[in-house]
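# Inside the fold
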Amino acid sequence: MAHGHKSDEKIVYVGDSRVVKKTQEQRLIPKDYSAYPGKSEAFVPNFLLKEWMVGVVVLVGMLVLVMTEPAPLGYPADPKNTAFIPMPDWYFLFMYQLLKYPYTSGDYVVLGAVVVPGLLFGGLLLAPFLDTGKERRFYRRPIASSLMILSLIACTYLTYTSWSHYQVELKEKNIIPEHIKREEEMHANKGAAAGGGGAKETKKSAAIVAADDPGAELYKKATCLSCHGAGLKGMPASGVPALLGIGDKMSQDEILGVIKNGKGNMGKQYQGNIDKGLSDADINKLAEWLSKQKAQ
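Presented here is a report on the structure given in the accompanying data block.

Definitions and limits used
- Residues numbered from 1 in each chain as written.
- Predicted model: local features only at pLDDT ≥ 70, side-chain atom pairs only at ≥ 80, totals over all residues.
- Heavy atoms only, no water.
- Patch = residues over 30% accessible without salt bridge, like charges linked within 9 Å, V, L, I, M, F, W, Y side chains within 5 Å.
- Areas by Shrake-Rupley, 256 points an atom, 1.4 Å probe, with all protein chains shown as cover.
- Salt bridge = Lys/Arg side-chain N within 4 Å of Asp/Glu carboxyl O.
- Helix = DSSP H or I, 4+ residues; strand = E, 2+ residues; numbered from the N terminus.
- Buried < 20%, exposed > 50% of the residue type's maximum accessible area, 1.4 Å probe, protein only.
- Expected span 1.5 Å × (residues − 1).
- Contact = heavy atoms within 4.5 Å.
- Polar contact = N/O pair within 3.5 Å; in protein donor to acceptor, adjacent residues only side chain to side chain.
- Axes fitted to C-alpha atoms, helices over the stretch in contact; angles between N-to-C directions.
- Parallel < 35°, antiparallel > 145°, perpendicular 65-115°, else oblique.
- Left-handed = near helix turned anticlockwise from the far one by under 90°.
- Nonpolar A, V, L, I, M, F, W, Y, C, P; charged D, E, K, R; others polar.
- Core = buried A, V, L, I, M, F, W, Y, C linked by side-chain atoms within 4.5 Å.

Looking now at a nonpolar patch on the surface. Together, Leu99, Tyr108, Val109, Val110, Leu111, Val114, Val115 and Leu119 make up an exposed nonpolar region whose accessible area comes to about 710 Å². Positionally, Tyr108 belongs in the loop between helix H2 (93-98) and helix H3 (109-130). The class of Tyr108 is exposed, set by a relative accessible area of 51%.

Here it is in structure tokens:
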């Protein structure tokens, strides 16, 4: 410890509290990858080139898959069509389900739509700044690991619950999702084009009769279109029968009875057609046109 300013005074240090100026070598400078010969490589261009090559292979694979199994386009948009249940894509199902609960909907919709997602995604965005620990073992980082596991469990539960409710609702309302209808139609058309088998040849020979009849225009507005399709081919894989040749099996009155009372899995369609703007006379014309559909 120093006292006074005498040149001959002895200076005694208690411990060594002097601040030592660090030299360039003493500073913590990350070592270059070249310090680990054979154990590392340059990010540019070596690692980046590998990443790019893997990305190209995956992209080409996806393009081949899409070209092999093209996704069918949906039906033309119809704002009057209520025979579907709107659902978000699978990666937003947990948010969709969250908004169904009473404490995140109604008067608290801001909590479910803004606050909770904001905390979740904001926390994820700020995680590198909030959690700066260098420990890599998850059990040594209980807070971060617990939050991650809790988030995974919550997302999995909400996604599963949302999808289960959707399936139950489809079954209760006897609705076949549009993308499934289109896919089945596509496969049915492929099967018909491929030919083979006596039954298939019979279906192939059937064609729409009196395509210029007013009943054909009414059919385009009726509820029949969503299940039986514009070509009257139905969806055999889903148990929806084709209407081609229906006149050979049913009379006009019988078809009208099916429209009014339903049949099998098909519910009553009379009120649905009235809601679509068809009158009682229009429904009779529709049944008459369908009764004309006989195999050629």
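Our focus in this paragraph is helix H4 (residues 142-173). Between its first and last C-alpha atoms H4 spans 46 Å; for 32 residues at 1.5 Å apiece the expected length is 46 Å, and the two agree. Three or more residues of H4 are buried, namely Ser145, Leu158, Thr161, Ser162, Tyr166 and Leu170. Against H2 lie the buried residues of H4. At the C-terminal side of H4, Asn174 shows a positive phi close to 55°.

In this fold, Gln293 is placed in the segment after helix H11 (280-291). The buried category is assigned to Gln293, whose relative accessible area is 0%. In this structure the side chain of Gln293 is engaged in a polar contact, spanning 2.8 Å, whose partner is the backbone nitrogen of Val209. Ignoring anything within four residues of it in the chain, the contact list for Gln293 reads Ala207, Ile208, Val209, Leu232, Leu243, Gly245, Ile246, Gly247 and Asp248.

What follows is about the packing of helix H7 (residues 214-221) against H11. Two elements in contact, H7 and H11, have axes whose closest approach is 8 Å; the angle formed by their N-to-C orientations is 110°. Between H7 and H11, the angle falls in the class roughly perpendicular. Classified by chirality, the crossing of H11 by H7 is left-handed. From H7, Gly215, Ala216, Leu218 and Tyr219 reach across to H11, where they touch Asp282, Lys285, Leu286, Trp289 and Leu290. Grouping the amino acids of the contact of H7 with H11 by side-chain chemistry returns 6 nonpolar, 1 polar and 2 charged.

Attention now moves to the environment of Gly112. Tracing the backbone shows Gly112 in helix H3. Gly112 sits 10 residues away from Pro102 along the chain, and the two C-alpha atoms are 9.6 Å apart. Once you skip the residues sitting within four places of it in the chain, Gly112 turns out to touch Met95, Leu98, Leu99, Thr104 and Pro117.

The biggest cluster of nonpolar side chains holds 20 residues, and the ones touching the most others in it are Tyr219, Ile255, Leu286, Trp289 and Leu290. Looking at this core, the element that brings in the most residues is H11, giving 5 residues. Look past the residues within four positions of Tyr219 in its chain and what remains in contact with it is Cys224, Leu225, His228, Gly229, Ala230, Leu232, Leu243, Leu286, Trp289 and Leu290.

Let's shift gears to H11. Over its 12 residues, H11 runs 17 Å from end to end, which matches the ideal 16 Å to within 8%, given 1.5 Å per residue. Among all positions in H11, only Ile283, Leu286, Ala287, Trp289, Leu290 and Ser291 are buried. Those residues of H11 that are buried lie in contact with H7, helix H8 (224-228), helix H9 (252-261) and helix H10 (270-275).

Our focus in this paragraph is the pattern of salt bridges. Per the stated rule, a full pass over the model turns up 4 salt bridges. The closest approach of N and O atoms between Lys292 and Asp213, which form a salt bridge, is 2.9 Å. Of the two residues, Lys292 sits in the segment after H11 while Asp213 sits in the loop between helix H6 (198-205) and H7, which places them 79 residues apart along the sequence. In this structure, the salt-bridge partner of Glu217 is Lys220, at a minimum N-O distance of 3.3 Å. With Glu217 and Lys220 both in helix H7 and 3 residues apart, this pair spans about one turn of that helix.

It is at 8 Å that the axes of H9 and H11 come closest, and there the two elements cross at 125°. The orientation of H9 relative to H11 falls into the category oblique. H9 and H11 meet at a crossing whose hand is right-handed. When H9 is examined against H11, the residues Gln252, Ile255, Leu256 and Ile259 are found in contact with a partner set consisting of Ile283, Asn284, Leu286, Ala287, Glu288, Leu290 and Ser291. Its residues placed into classes, the contact of H9 with H11 shows 7 nonpolar, 3 polar and 1 charged.

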